[in-house]
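So the chains spell out like this:
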Amino acid sequence: GQQVMQIPQYQHVQEGEDFTTYCNSSTTLSNIQWYKQRPGGHPVFLIQLVKSGEVKKQKRLTFQFGEAKKNSSLHITATQTTDVGTYFCADYTGTASKLTFGTGTRLQVTL
Amino acid sequence: DAGVIQSPRHEVTEMGQEVTLRCKPISGHDYLFWYRQTMMRGLELLIYFNNNVPIDDSGMPEDRFSAKMPNASFSTLKIQPSEPRDSAVYFCASSFFASPLHFGNGTRLTVT
């Protein structure tokens, strides 16, 4: 079945440094959703990418969808302690209703 | 809107006991999902419903797990009998066709 891998599994940065997580799939992705889960919390939707090569920005967050639709990335510029959490990518597998989550990247930010 | 409501927030039970987790989706959403989250396996989709009908239960680990959705505003996930390896956080989520998922706060289950 489809596997959506994320790298790195964990990253620890100092506040102000940049951070990037990558989402890779063995098969073509239909569309990509990104979620953030704070420690002890639940996943919260951030953004959806649909088109090949699409780039979207939310303040310090930049999301990209690969040209071949087999990968995606999330880049955070100048991290803040509020960025702490686990970031998941997710894709619809087969049908347009079954969302499969990637393995997640846990981000730790220290002062 | 109150969001997706799950109960209980925490459940501690002994091995062999029956556990029932409850979920109230957002009104108007036609999809409901049950996920399980562990450190080892991440976020796993157990089962999902569309218009109260189970569509895909291939993620349900074994016959000890069952889920129902008797109406559009309520769903249950039952484990009988429970085992220590079932310890995890169970999330319910709802959505309106292919739109982003809205997750509940989860139920942290501990089976001793």
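Enquirer: So what's going on with the overall build of chain A? Which residues, and what values?
Expert: Counting its regular elements, chain A contains zero helices and eleven strands. Secondary structure elements of chain A occur, N-terminal to C-terminal, as β-β-β-β-β-β-β-β-β-β-β. The C-alpha radius of gyration of chain A comes to 13 Å, within 12% of the 13 Å expected for a compact globule of 111 residues. Judged by the C-alpha coordinates and their principal axes, chain A covers about 45 × 30 × 20 Å. Counting all 111 residues of chain A, 45% fall into the buried class. Surface summary for chain A: the accessible area is close to 5,400 Å², and the carbon and sulfur share equals 52%. Charged side chains in chain A number 11 positive and 7 negative. The centres of these two groups are separated by 7 Å.

Enquirer: Could you give an account of the sheet that holds strand β3 (residues 19–24) of chain B, naming the residues involved and the relevant values?
Expert: All names here are of chain B. Taken in spatial order, the four strands line up as β1-β3-β8-β7 in an open sheet, and their pairing is antiparallel. Looking along the sheet, the strands with just one partner apiece sit at the ends: β1 (5–7) and β7 (65–71). Across the sheet, the mean angle separating the axes of adjacent strands is 15 degrees when strand polarity is ignored.

Enquirer: Mind laying out the state of the cysteines, listing which residues take part and the relevant values?
Expert: Here, disulfide denotes a covalent bond that connects the sulfur atoms of two cysteines. All names here are of chain A. Enumeration according to the criterion identifies two disulfides over all chains in this entry. Two residues, Cys23 and Cys89, share a disulfide whose sulfurs are 2.0 Å apart. What sets the handedness of the Cys23 and Cys89 disulfide is the S-S torsion sign, and at about 75 degrees it is right-handed. Here Cys23 is found in strand β3 (residues 19–25), whereas its partner Cys89 is found in strand β9 (residues 85–92), with 66 residues between them in sequence.

Enquirer: Report on the packing of aromatic side chains, specifying residues and quantitative values.
Expert: Summed over all chains, the structure comprises 15 aromatic pairs over all chains. Arranged with centres 6.1 Å apart and planes meeting at 85 degrees, the rings of Tyr35(A) and Phe103(B) form a pair that is edge-to-face. Here Phe103(B) lies in strand β10 (residues 102–103) and Tyr35(A) lies in strand β4 (residues 32–37), a pairing that spans two chains. Just as Tyr35(A) is buried, Phe103(B) falls in that class too. Where Tyr31(B) meets Phe33(B), the ring centres are 6.2 Å apart and the plane angle is 15 degrees; that geometry is what we call stacked. An aromatic cluster is present here, built from Tyr35(A), Phe45(A), Phe88(A), Phe101(A), Tyr31(B), Phe33(B), Tyr35(B), Tyr48(B), Phe91(B), Phe97(B) and Phe103(B) joined pairwise through their rings.

How each quantity is defined
Residues numbered from 1 in each chain as written. Chains lettered and ligands numbered in written order. Predicted model: local features only at pLDDT ≥ 70, side-chain atom pairs only at ≥ 80, totals over all residues. Heavy atoms only, no water. Helix = DSSP H or I, 4+ residues; strand = E, 2+ residues; numbered from the N terminus. Rg over C-alpha atoms; globule rule 2.2 N^0.38 Å. Buried < 20%, exposed > 50% of the residue type's maximum accessible area, 1.4 Å probe, protein only. Areas by Shrake-Rupley, 256 points an atom, 1.4 Å probe, with all protein chains shown as cover. Lys, Arg positive; Asp, Glu negative; His and termini not counted. Charge placed at Lys NZ, Arg CZ, Asp CG, Glu CD. Pairing = 2+ DSSP bridges. Axes fitted to C-alpha atoms, helices over the stretch in contact; angles between N-to-C directions. Disulfide = S-S within 2.5 Å. Phe/Tyr/Trp six-rings, centres within 6.5 Å; stacked < 30°, edge-to-face > 60°.

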